[in-house]
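Residue strings, one per chain:
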Amino acid sequence: MIIKPKFKGFICTTAHPEGCAASVKEQIDYVKKQSSVDGPKRVLVIGASTGYGLASRIVSTFNCGAATIGVFFEKPPAGNKTATAGWYNSAAFEENAINAGYYAKSINGDAFSTDIKNRVIDLIKKDWGSVDLVVYSLASPRRTHPISGETLVSSIKPIGAPFTSKNIDFHKELVSDITVAPATDDEVRQAVGVMGGEDWEMWVQALQAGNVLAKEATVISYSYIGPEVTHPIYRDGTIGKAKESLESSAQKINGLLHKDGGRAFISVNKAVVTQASTAIPGMSLYMSLLFKVMKEKGLHEHCIEQIYRLFHTQLYGTTPTLDSKDRIRLDDWEMKPEVQQTVKELWEQTSTENLKAISAVDEYRNDFFRLFGFGFAGVDYEKDIPSLKKIPSINE
């Protein structure tokens, strides 16, 4: 196949195996150049195939020297369809880890299900005995509840009143207004059911019940707050309610782990381009402006730089710096007053006519394509290549 980007809505429906491999290698090369962190040695990453989860797996292995188990729900190639980007990312990660002499195994399936939890616990018992870091980094549009059987669907909506915001079509570089109707009570309930903290708690309870959490284990999940301009659709909307649930769960999990010297954290991270973030009204424009400002100030980070900083300055070898709600704030550079003030001023000025001049929309678009393995130097995108790529530890 000669693989080109194809789109459906805000998602790219194709992925390039060699491009995804280049992305993984680029991240590996970055962390290998950084100072080594005396970190965890047996790491479980739930949601390990893209974004912050993938970065967590890469930092754990190639900087801390850890063995990892990754859990994700990705599609292998089939017929004339490519695999999902996360599938190719995971194949490349495992190949690099195994070639470097590290343990790396993956489980592909519904992480919300009891079956996948049990399979992970059985694998930990068989190969490790226990795990000392659990990263929970799931992003999914729906969840089938393992007890009730109800399929919950997440929505990205404001609560109480409609939300109108500037928005961009970053492919066409057009600025327009978008209005989103408020969520119903049931939509709020379902969003919390999918993206809130219940499943994270279920994972920790299952790992404890299986006696596979090491004493003094660390458990962490990732969150986001963002600027005032996006609060109605994000922090004060359905996603925000889910994030409040996730952060409440951190307190509960911390209580569960405390007796064995364990700890649970929420890390509030910086805005980055992910498959999930492209769906949020206003976020594409905000990030296009933010990236320009942060690059000019020498503060810009992608997922891999963020997660290395998390391990290096917060989780290991030092005492974490927490805010008033006991959260790690890796968004500290994004939320600097001088950064936010400049972004706010640019936001108010933005139009289709000046978008390219006052924003980093080109970089935003490039980051989006790179999620799916496109736009990497050294990759021949005109070459006819097989879409089939196996993940060494998965027989599919």
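One can find the structure itself at the top, above this paragraph.
Not measured: the values here are computed from a predicted model. (Residues numbered from 1 in each chain as written. Predicted model: local features only at pLDDT ≥ 70, side-chain atom pairs only at ≥ 80, totals over all residues. Heavy atoms only, no water.)

Draft legend 1. Layout of the packing of aromatic side chains. Scanning the entire structure with this criterion turns up 16 aromatic pairs. Taken together, a centroid distance of 5.7 Å and an interplanar angle of 55 degrees make the contact between Tyr 52 and Tyr 222 tilted. On the criterion of sequence distance, the pair formed by Tyr 52 in helix α2 (residues 51-62) and Tyr 222 in strand β11 (residues 213-223) is long-range, its members being 170 residues apart. Three or more aromatic residues link up through ring pairs in this structure, and these residues are Phe 7, Phe 170, Phe 291, Tyr 364, Phe 368, Phe 369 and Phe 372. Taking NZ or CZ as reference, Arg 263 lies 5.8 Å from the ring centre of Tyr 316, over its face. In this structure, Arg 309 is placed above the aromatic ring of Trp 333, and the distance from its NZ or CZ to the ring centre is 3.8 Å. (Phe/Tyr/Trp six-rings, centres within 6.5 Å; stacked < 30°, edge-to-face > 60°. Helix = DSSP H or I, 4+ residues; strand = E, 2+ residues; numbered from the N terminus. Lys NZ or Arg CZ within 6 Å of the ring centre and 35° of its normal.)

Draft legend 2. Structural detail: the pairing of strand β12 (residues 263-268). Along β12, five of the six residues are buried, which leaves the element largely enclosed by surrounding structure. Each parallel crossover has a hand, and the one from β11 via helix α7 (residues 238-258) to β12 is right-handed. Pairing of β12 with strand β13 (residues 328-329) involves two bridges; the strand directions are parallel. Of the residues in β13, the one forming a bridge with Ser 267 is Ile 328. (Buried < 20%, exposed > 50% of the residue type's maximum accessible area, 1.4 Å probe, protein only. Right-handed = clockwise from strand over helix to strand, strands pointing away. Pairing = 2+ DSSP bridges.)

Draft legend 3. Representation of the sheet that holds strand β3 (residues 42-46) in the model. Spatial ordering of the open sheet is given by β5-β4-β3-β6-β11-β12-β13, a layout of seven strands whose pairing is parallel. Two strands close off the open sheet at either side, each with one partner strand: β5 (104-108) and β13. Here β3 pairs with strand β4 (residues 67-72) via five bridges, running parallel. Paired with Leu 44 across the strands is Ile 69, a residue of β4. Across the sheet, helix α6 (residues 198-209) lies against β3, β6 (131-136), β11 and β12, angled at about 170 degrees from β11, the strand it touches most. Those strands touched by helix α9 (residues 303-315) are β6, β11, β12 and β13, and its axis lies near 130 degrees from that of β11. (Contact = heavy atoms within 4.5 Å. Axes fitted to C-alpha atoms, helices over the stretch in contact; angles between N-to-C directions.)

Draft legend 4. View of unusual backbone geometry. Phi at Asn 211 takes a positive value of approximately 60 degrees, unusual for a residue other than glycine. With respect to the helices and strands, Asn 211 occurs in the loop between α6 and β11. One non-glycine residue, Glu 216, lies in the positive phi region at around 65 degrees. One can find Glu 216 in strand β11.

Draft legend 5. Broad picture of the nonpolar core. One finds Ile 58, Ile 220, Tyr 286, Leu 310 and Phe 311 to be the most contacted residues of the largest nonpolar core, which totals 86 residues. Sort the elements by how many residues they give to this core and helix α8 (residues 283-296) lands first, with nine residues. In contact with Tyr 286, other than residues within four places in its own chain, are Tyr 224, Pro 227, Val 229, Ala 271, Glu 334, Gln 340, Val 343 and Trp 347. The next biggest cluster of nonpolar side chains, apart from the first, holds 33 residues, and it includes Val 71, Val 219, Ile 225 and Ile 253. (Core = buried A, V, L, I, M, F, W, Y, C linked by side-chain atoms within 4.5 Å.)

Draft legend 6. Representation of α6. Across its 12 residues, α6 extends 16 Å between first and last C-alpha, which sits within 8% of the 16 Å expected from 1.5 Å per residue. Three or more residues of α6 are buried, namely Asp 199, Trp 200, Glu 201, Met 202, Trp 203, Val 204 and Leu 207. (Expected span 1.5 Å × (residues − 1).)

Draft legend 7. Main features of the layout of surface pockets. The calculated volume of the second largest pocket comes to roughly 490 Å³. Looking at the second largest pocket, it is lined by 23 residues, and the ones nearest its centre are Ser 23, Gln 27, His 302, Cys 303 and Arg 370. When contributions to the lining of the second largest pocket are tallied by element, the ones reaching two or more residues are α1 (17-32), α2, α9 and α12 (361-371). Of all the elements, α1 adds the most residues to the lining of the second largest pocket, at four residues. When grouped by side-chain class, the residues that make up the lining of the second largest pocket number nine nonpolar, eight polar and six charged. (1 Å grid on protein atoms, 1.4 Å probe; cavity = no way out; pocket = protein on both sides within 12 Å on 5 of 7 lines; lining within 4 Å. Points joined across faces, edges and corners; volume = space filled by probe spheres on them. Nonpolar A, V, L, I, M, F, W, Y, C, P; charged D, E, K, R; others polar.)

The values are spatial; any link to function lies outside them.
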